[in-house]
Amino acid sequence: MNARGLALACTWALLTVLLVGCSRRQPASIEYVSEWGREGNDARQFKEPIGVALDSDGNVYVADAGNNRIQKFNRDGEFLKEWAKKGRGEGELDRPIHLEISTRGLVYVPEYGNDRIQVFDTNGEFQFSWGTTGKAPGQFDAPGSVGFDPTGHAFVTDFYNHRIQKFDEKGNFLSSFGTKGHDAGQLHYPTDILVDQHGNSLVADAYNHRIQKFDKQNNLILSWGRQGKKQGEFEVANALALDEEERVYVVDFDNHRVQVFDEAGKFLLSFGGKGAGTGQFNHPTDIAINNEGLIYVADWGNNRIQVFRLVEH
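Residues numbered from 1 in each chain as written. Predicted model: local features only at pLDDT ≥ 70, side-chain atom pairs only at ≥ 80, totals over all residues. Heavy atoms only, no water.

## Comments concerning the overall build of the chain
Next up, step 1: The number of helices and strands found in the chain is one helix and 25 strands.
Next up, step 2: Relative to the compact-globule value of 20 Å for 313 residues, the chain shows a C-alpha radius of gyration of 18 Å, a close match.
Next up, step 3: Principal axes of the C-alpha set define a box for the chain whose edges measure 55 × 45 × 30 Å.
Next up, step 4: Counting every position in the chain, which comprises 313 residues, the buried fraction comes to 57%.
Next up, step 5: Restricting to contacts in the chain with at least 6 residues of sequence separation, those with at least 24 account for 47%.
Next up, step 6: By element, 47% of the accessible surface of the chain is carried by carbon and sulfur atoms, the whole surface being about 12,800 Å².
Next up, step 7: Counting 33 positive and 43 negative side-chain charges, the chain places the averaged centre of each group 3 Å from the other. (Helix = DSSP H or I, 4+ residues; strand = E, 2+ residues; numbered from the N terminus. Rg over C-alpha atoms; globule rule 2.2 N^0.38 Å. Buried < 20%, exposed > 50% of the residue type's maximum accessible area, 1.4 Å probe, protein only. Contact = heavy atoms within 4.5 Å. Areas by Shrake-Rupley, 256 points an atom, 1.4 Å probe, with all protein chains shown as cover. Lys, Arg positive; Asp, Glu negative; His and termini not counted. Charge placed at Lys NZ, Arg CZ, Asp CG, Glu CD.)

## What about empty space enclosed by the protein?
Next up, step 1: Tallied over the entire structure, the rule returns one cavity of 30 Å³ or more.
Next up, step 2: Around the largest cavity, the lining residues are Asp196, Leu202, Lys213, Leu242, Glu246, Val248 and Glu263. (1 Å grid on protein atoms, 1.4 Å probe; cavity = no way out; pocket = protein on both sides within 12 Å on 5 of 7 lines; lining within 4 Å. Points joined across faces, edges and corners; volume = space filled by probe spheres on them.)

## Thoughts on the sheet that holds strand β9 (residues 116-120)
Next up, step 1: One open sheet accounts for four strands, arranged β7-β8-β9-β10; its pairing is antiparallel. The open sheet is flanked by β7 (100-101) and β10 (126-130), the only strands paired with a single partner. (Pairing = 2+ DSSP bridges.)

## A closer look at the nonpolar core
Side chains of a nonpolar character, in soluble globular proteins, are inclined to be buried together.
Next up, step 1: In this structure, Tyr249, Val258, Phe271, Ile287, Ile295 and Phe308 are the most contacted members of the largest nonpolar core, which totals 18 residues.
Next up, step 2: Sorting elements by how many residues they give to this core places strand β22 (residues 267-272) first, with three residues.
Next up, step 3: Once residues within four sequence positions are removed from consideration, Tyr249 is found in contact with Ala239, Leu240, Ala241, Asp243, Val258, Gln259, Val260, Ile287, Ile289, Ile295 and Leu310. (Core = buried A, V, L, I, M, F, W, Y, C linked by side-chain atoms within 4.5 Å.)

## Side note on the packing of aromatic side chains
Next up, step 1: Tallying each qualifying case throughout the model produces 29 aromatic pairs.
Next up, step 2: On the numbers, 5.7 Å between centres and 50° between planes, the contact of Trp83 with Phe120 is tilted. With Trp83 in strand β6 (residues 79-83) and Phe120 in strand β9, this residue pair connects regions lying 37 residues apart in the sequence. An identical accessibility class is assigned to Trp83 and Phe120; each is buried.
Next up, step 3: Between the aromatic rings of Phe128 and Trp130, the centroid separation amounts to 6.4 Å while the plane-to-plane angle is 20°, which identifies the pairing as stacked.
Next up, step 4: By relative accessible area, Phe128 is classed as buried at 15%.
Next up, step 5: Linked through ring pairs, Tyr108, Phe128, Trp130, Phe140, Phe148, Phe167 and Phe173 together constitute an aromatic cluster. (Phe/Tyr/Trp six-rings, centres within 6.5 Å; stacked < 30°, edge-to-face > 60°.)

## Describing the pairing of strand β14 (residues 173-177)
Next up, step 1: Relative to β14, strand β13 (residues 163-167) is paired through four bridges, and the arrangement is antiparallel. Bridged to Ile164 within β14 is Phe177.
Next up, step 2: Between the antiparallel neighbours β13 and β14 lie five residues, among them Gly171 with a positive phi of about 90°.

## Some thoughts on the side chain of Asn200
Next up, step 1: Along the chain, the position of Asn200 falls in the loop between β15 (190-195) and β16 (201-205).
Next up, step 2: Discounting chain neighbours no more than four positions away, the residues touching Asn200 are Leu194, Val195, Lys213, Phe214, Asp215, Lys216 and Ile221.

## What about unusual backbone geometry?
Next up, step 1: Even without glycine at this site, Asn68 takes up a positive phi of about 50°.
Next up, step 2: Structurally, Asn68 can be placed in the loop between β4 (60-64) and β5 (69-73).
Next up, step 3: You will see that Val236, though not glycine, has its phi angle at about 75°, which is positive.
Next up, step 4: When you line up the elements, Val236 lands in the loop between β18 (220-224) and β19 (237-242).

## Structural notes on the layout of surface pockets
Next up, step 1: If you add up the space inside the largest pocket, you get close to 1,300 Å³.
Next up, step 2: Considering the residues around the largest pocket, the lining is formed by 41 residues, among which Leu54, Glu100, Ile101, Leu242 and Ile289 are closest to the centre.
Next up, step 3: Listed by contribution, the elements that provide at least two residues to the lining of the largest pocket are β3 (49-54), β7, β11 (143-148), β15, β19 and β23 (284-289).
Next up, step 4: When the residues that make up the lining of the largest pocket are grouped by side-chain class, the tally is 17 nonpolar, twelve polar and twelve charged.
Next up, step 5: Taken as a whole, the second largest pocket holds about 420 Å³ of empty space.
Next up, step 6: Along its surface, the second largest pocket is lined by 19 residues, and Ile50, Phe159, Thr191, Tyr207 and Asn238 are the ones closest to its centre.
Next up, step 7: Counted by class, the lining of the second largest pocket contains eleven nonpolar, five polar and three charged residues. (Nonpolar A, V, L, I, M, F, W, Y, C, P; charged D, E, K, R; others polar.)

## A few points about the pattern of salt bridges
A pair can form between side chains of opposite charge whenever their charged atoms are brought close.
Next up, step 1: With the rule as written, the count across this model stands at 18 salt bridges.
Next up, step 2: With a closest N to O distance of 2.5 Å, Glu111 and Arg116 form a salt bridge. Assigned by exposure class, Glu111 and Arg116 land together as buried.
Next up, step 3: A salt bridge links Arg247 to Glu312, with the shortest nitrogen-to-oxygen separation between them at 2.8 Å. Taken as a pair, Arg247 in the loop between β19 and β20 (248-252) and Glu312 in strand β25 (residues 304-312) lie far apart in primary sequence, 65 residues in all.
Next up, step 4: When salt bridges that share partners are traced, they join Glu35, Asp299 and Arg304 into one network. (Salt bridge = Lys/Arg side-chain N within 4 Å of Asp/Glu carboxyl O.)

None of the figures reported here should be taken as evidence of function without further support.
As structure tokens, then:
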């Protein structure tokens, strides 16, 4: 084992976290597990990795935005394959963002540059796409992410249109909600969405520096966060994940950290901090959690994926 490998193997110490309040199963700490990646365009290298998603087998898919490709790894970071190149044709990409895996195991890739959603199988074979540039229903101005409800409907954050659009799995438009603004229920550059097991939508309302939660009828039922650096405050809340206990993980982009909340928005803990060292971040952009509790974070500015584990006490 080389010196770097030995150093990483010895970093099973607990990362310092700040913890308040209580939850059904209270997390005590976050533990660093591993990392992979560095700047470049070869396999297992990245140029601005901005999205990370997991399939049912635990494989890890990374939207390698600057290289206009998707890379696929096993749960331990072993490279499996890659696909796509820059372009506008079928199977080509222009800045893929927060990709997601559907309930049927298909890979949905929003494209910031092409204003569309492309869908692939897990081997990278193109299936179908939808979307054109514009403001009409079914059109996009920089789609940022896709989230799925328990029935398989796809929700897309439409970044510059300041709205959420809902589609069936084939990309047929169903409905939308959201208008530009700073009031309750309005959106200001939404970047990510997830739908919980109850059908409620949690939206990373990035430049309002908050999380908003809507019910099935798109009524606002909860909101938390404001701009700042304290617990529960954000400097661009740009990605979300839920664990099996319904804790909400929020990627806090300009604060270089991840904050964790209970389902009511109560702060539990945070981890990270600005830097290039183990457990530090340089503008993290996305997060995904597998069924074993491993937490994968796209460390955008450091061109790597870092892996953590929640330690229950």
